[in-house]
Amino acid sequence: MTFFPPATLYRARIMHTPADPFGDASALQTQEDAGLLVQGGVIRASGPFDGMRAGFPVADVVDLRGGNGVLLPGFVDTHVHYPQVRIIGGLGLPLLEWLDRVALPEEARLADTGYARSVAREFLSGLAQAGTTTALVFGSHFAGAMDVFFQEARRSGLRTVAGQVVSDRLLRPELHTTPDLAYAGGKALIERWHGVGRSLYAVTPRFSLSASEGLLDACAALTREFPDVRFTSHLNENPREIQSVRELFPQARDYLDTYDRAGLLSRRAVLAHNVHPTERELGVMAAHRCAAAHCPCSNSALGSGLFPLRRHLTAGVPVALGTDVGAGTGFSLLKEGLQAAFMQGLLGPEGVNLTPAHLLYLATRAGAEALDLGDLTGDFRVGHQFDAVLLRPLSGSALETVLTHAPDPERALAALFSLGTSADVAQVWVGGDVVHERSATDVRSAPYPHG
Ligand SMILES: O=c1[nH]c(=O)c2nc[nH]c2[nH]1
Ligand SMILES: [Zn+2]
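As recorded by an unreviewed UniProt entry, the protein chain carries the name Guanine deaminase and is attributed to Deinococcus taklimakanensis. Listed under Pathway (unreviewed entry) in UniProt, the entry text for the protein chain is "Purine metabolism; guanine degradation; xanthine from guanine: step 1/1." Listed in UniProt under the heading Sequence similarities (unreviewed entry), the comment for the protein chain reads: "Belongs to the metallo-dependent hydrolases superfamily. ATZ/TRZ family."

Okay, structure coming up:
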C-alpha cells in the first residue's frame, strides 16, 4: 500500500525571486492570490489559487491572506555567530578591539556546556523569530558547545550549516587548539552531525590572523576527506586585520591566498565581509565560485567600510547577505537588506542601485545558492522545500498603513524591507513544519488603547 502524506494548499499573496535580478530585470515574481500545494514538506504544484483549488480539491486550505499578510521564501543568513547572541549592541569599537573586549570574553564562557545550551536556544529562537529558515552558523571554539548546538538545532527544525571554530594563535589561550586536535575534533563532529536532520557541517577556521598554516592545512584535510562539507571564514574586513595577515603570511600573495594555498577554496566556500578586496582576489573567488557574505550592519557598527558590491558583480563573485550577529545589530535579514541599499547609495556612482527585488534575492535565493542549497530552498519553485515566512504587520503600525496603500507589489516589498522587523513575522515554516508562530500576546492590537 502506498502512503500519501496529507496535502495542504496554502493560499497567500506571494513574492519570490526564482531568477537573479542582477541579470534579469523581471526576476521578481509576485501573485496576489496564489496557491502552493505542499505535501511531505515539498512544494508539489503552484499557480493562481482558483485553478489550484479546482485541481486539488482534496487538499486542506490554509488562507494566509488576512491582515495584509505576505508570504516570502524563508530568509537565508550566510554569516552569523552562535556564541555572540548575548553581546549584540557592543557599538563603537573597530574589529580587533571589539574582538578583544567584547566578543572573545563571551565566547570563552561557552566552555561551560550548560551555558552554551542556553545561548544556543536563545540564538536559534532569534533566527526563527526573524524569519530565517537557513543559516551558515559560525560556531563555538568548544566541541561540547557544538554538540549542544546541533542538538538544539535539531529540536528547532531550522536548517543550519555550522562548525566548530578553530584558532591556534593570538586570541586567548582557552580558545586555542592545535592542528591535530582541530582535525580530530572536526572529524568527530562531522561524523556525528553532518547530514543529521537538517544540519550540515562547515569547517571554520576563525580567520587567518588567528590560524597558523598548519591549522589551515588541518582544515583542508577535513574538506578533502568530506568533500560535501562547507568551508567558511572571514576575509578582508578591516585594514589593520589585513595588514596583520600580510605580516603573518609573508609567502602569501594576499589574504585570500592564505586560504587558497591550503586548498580551502571551492564552490562550497563562503567568506564573510570582503570589504577591501584586491582585483586579484575577486578573480580567484569568481574562478572558484566561492561566495562573499555581505554583512552591512556589522560593517557599519564596526566601521569596517562600504562593501564594493559592484566590483564583486563585475568580477562574477556570488554575493549573499549575513547578519554577523553579534557585531551585527540583530537577526533580521530585512534590516540587512535595507542597510545594504543605504550603503550602496552612499558609494555614489560606484554603488549599485538596489531595488526591492535585489534585496529579496540577496536575502533568500542568493543565500541558498551560496550554501549550495539552491535545489532545496530559496524560492517557491515546485520541487523546493516549503521554507517560508509570513509577514503580517502589527495592527496599527506604519507598515500596515503602507501595505494597505501600496500601489504595486514592488512598493509593498520595499515597505517590508523599510519597516518590517521580527515583530512582523507571524509564522515561519521549514520543510512544511511550523518552526515559529507569533503568539497572540505578542500582538499589540489596539492602535489607540486609551480611546
Ligand atoms: O565580524 C567579525 N566577527 C568575529 O567574530 C570575527 N572573528 C574574526 N573576524 C571577525 N569578524
Ligand atoms: Zn563574523
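Additional details are given in the paragraphs that follow.
### Looking at the pattern of salt bridges
Taken as a whole and judged by the stated rule, the model has 26 salt bridges. The salt bridge partner of Lys 187 is Glu 191, with a shortest N-O separation of 3.9 Å. Here Glu 191 and Lys 187 lie together in helix α5 (residues 179-193), a separation of four residues that amounts to about one turn. Residue classification places Glu 191 among the exposed positions, given a relative accessible area of 53%. The residue Arg 253 makes a salt bridge to Asp 257 at a minimum N-O spacing of 3.5 Å. One salt-bridge network, in which partners are shared between bridges, spans Arg 267, Arg 268, Arg 365, Glu 369, Asp 372, Asp 379 and Arg 381.

### Examining the packing of aromatic side chains
Across all of its chains, the model carries 13 aromatic pairs by this definition. Here the aromatic residues Tyr 82, Phe 123, Phe 149, Phe 150, Trp 193, Tyr 201 and Phe 331 are joined through ring pairs into a cluster of three or more. Between Arg 86 and the ring centre of Tyr 115, over which it is positioned, the NZ or CZ distance is 4.7 Å.

### Re the layout of surface pockets
Each pocket or cavity is described by its volume, and for the largest pocket that value is around 280 Å³. Forming the walls of the largest pocket are 14 residues, and the residues nearest its centre are Asp 20, Arg 289, Pro 318, Val 319 and Tyr 361. Mapped by element, the contributors of at least two residues to the lining of the largest pocket are α13 (356-363) and α14 (365-370). Here the element with the most residues in the lining of the largest pocket is α14; it accounts for three residues. Among the residues forming the lining of the largest pocket, the class breakdown is nine nonpolar, one polar and four charged.

### Here we look at the coordination of the zinc ion (ligand 2)
Each protein donor to the zinc ion (ligand 2) is listed here as His 79 (NE2), His 81 (NE2), His 234 (NE2) and Asp 324 (OD); together their distances run 2.0 to 2.4 Å. Because the angles between the four donor atoms bound to the zinc ion (ligand 2) fall within 88 to 171°, the donor set is best described as irregular.

### Some words on the side chain of Glu 241
In this structure, Glu 241 sits in helix α7 (residues 239-248). We note that Glu 241 is buried and unpaired, the nearest opposite charge coming from Arg 206 at a distance of 9.2 Å.

Cut-offs used in this document
Residues numbered from 1 in each chain as written. Chains lettered and ligands numbered in written order. Predicted model: local features only at pLDDT ≥ 70, side-chain atom pairs only at ≥ 80, totals over all residues. Heavy atoms only, no water. UniProt positions renumbered as here; feature names shortened; annotations may be inferred. Salt bridge = Lys/Arg side-chain N within 4 Å of Asp/Glu carboxyl O. Helix = DSSP H or I, 4+ residues; strand = E, 2+ residues; numbered from the N terminus. Buried < 20%, exposed > 50% of the residue type's maximum accessible area, 1.4 Å probe, protein only. Phe/Tyr/Trp six-rings, centres within 6.5 Å; stacked < 30°, edge-to-face > 60°. Lys NZ or Arg CZ within 6 Å of the ring centre and 35° of its normal. 1 Å grid on protein atoms, 1.4 Å probe; cavity = no way out; pocket = protein on both sides within 12 Å on 5 of 7 lines; lining within 4 Å. Points joined across faces, edges and corners; volume = space filled by probe spheres on them. Nonpolar A, V, L, I, M, F, W, Y, C, P; charged D, E, K, R; others polar. Donors = N, O, S within 2.8 Å, 3.2 Å for Na, K, Ca; no water. Tetrahedral: all angles 85-135°; square planar, octahedral: opposite > 155°, others 65-115°. Lys, Arg positive; Asp, Glu negative; His and termini not counted.

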